[in-house]
Amino acid sequence: MVPQAIEKLPLFRWRPGGRLLVVGSRDGAAFDHDLDHAEGLSFRRPLDTVLVAAAQSRARCDGLALAWSSTLAFPQAVEACLQACRGALVVCSNGHGDAGLLERLLPLADAWQLVAGSAPGPLAQRILDAGRHVEVLAGWSDPAAPLPPLDLARATAVHLVPRSSALGSEEPMRAAYTTARTRFAGALYDEAHQRDDCACGETLVWRTSGRSRLDALTSEARCRACGQNHCFSIAPRG
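Residues numbered from 1 in each chain as written. Predicted model: local features only at pLDDT ≥ 70, side-chain atom pairs only at ≥ 80, totals over all residues. Heavy atoms only, no water.

Draft legend 1. Just the sheet that holds strand 11 (residues 211–214), in detail. Sheet architecture is open: three strands sit in the order 9-10-11, paired in antiparallel fashion. Bordering the open sheet on either side are strand 9 (196–197) and strand 11, each of which pairs with just one other strand. Summarising the sheet, strand 10 (residues 203–208) and strand 11 pair through four bridges and their orientation is antiparallel. Within the sheet, the bridge partner assigned to Arg 207 lies in strand 11 and is Ser 212. (Pairing = 2+ DSSP bridges. Helix = DSSP H or I, 4+ residues; strand = E, 2+ residues; numbered from the N terminus.)

Draft legend 2. Looking closely at the pattern of salt bridges. Throughout the structure, instances matching the rule amount to ten salt bridges. Here the residues in one salt-bridge network are Arg 13, Asp 196 and Arg 207, joined through shared partners. (Salt bridge = Lys/Arg side-chain N within 4 Å of Asp/Glu carboxyl O.)

Draft legend 3. Quick look at the side chain of Gln 113. If you trace the backbone, Gln 113 turns up in strand 5 (residues 111–116). When its relative accessible area of 4% is taken as the criterion, Gln 113 is described as buried. Setting aside residues up to four positions removed in sequence, Gln 113 forms contacts with Leu 9, Pro 10, Leu 11, Ala 29, Val 91, Cys 92, Ser 93, Glu 135 and Leu 137. (Buried < 20%, exposed > 50% of the residue type's maximum accessible area, 1.4 Å probe, protein only. Contact = heavy atoms within 4.5 Å.)

Draft legend 4. Inspection of the sheet that holds strand 8 (residues 187–189) at higher detail. Spatial ordering of the open sheet is given by 1-2-3-4-5-6-7-8, a layout of eight strands whose pairing is mixed. The open sheet has two edge strands, strand 1 (2–5) and strand 8, and neither has a second partner. Ignoring strand direction, the axes of neighbouring strands in this sheet form an average angle of 25°. Two elements, strand 2 (residues 19–24) and strand 3 (residues 63–67), share four bridges in a ladder whose sense is parallel. From the neighbouring strand, Gly 24 faces strand 3, where its bridge partner is Ala 67. The strands touched by helix 2 (residues 49–58) are strand 2 and strand 3; relative to strand 2, the strand with the most contacts, the crossing angle is about 155°. (Axes fitted to C-alpha atoms, helices over the stretch in contact; angles between N-to-C directions.)

Have a look at this one:
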């Protein structure tokens, strides 16, 4: 369990500047459904609902983020967190796991981080189709095919993440970003492109190192300069 800025999940268009208590595996949601490998890296202990609720309150978090390696494969842990959650609920999933648990979470989750590589989980498209505010963490190994084979029409944003450090250098990343832009017209981010700009030229949200600053974006998700409405989910006041 660790308090974390939502930008570090990453979620960029959901409640900028918010903070969640992340509960799950050490490295969060994994691209592959290899529980033995992913969970072997985590220190495991029984989940205490009272402890989760107390940690969320003391850390002054706005809600919980469920982030096991394959979150939908841990129904008992998820249920314990649902009992403890006060505030917003975010689910990080690779699309693998229990379809019944997914259907239970769809009306409850305020936002989803869908982790998908070249072989998305069988439940990934269902999350995209029915999830409330879905941002996709797209892990890629080929600059010519940086997006997962999914219908991304309902994705609020896509984050490109190279699966190898060698791919994160300037030239492959630029090629991947250019290719992805021709196939996805929505909000698209990579390691070198993390801010949001309005068509009028104003910087709406500035980000660096997991932190964000609202520059020209109002609490109604409009540009202060020209009034254009943008696709952001802003935290309710009070």
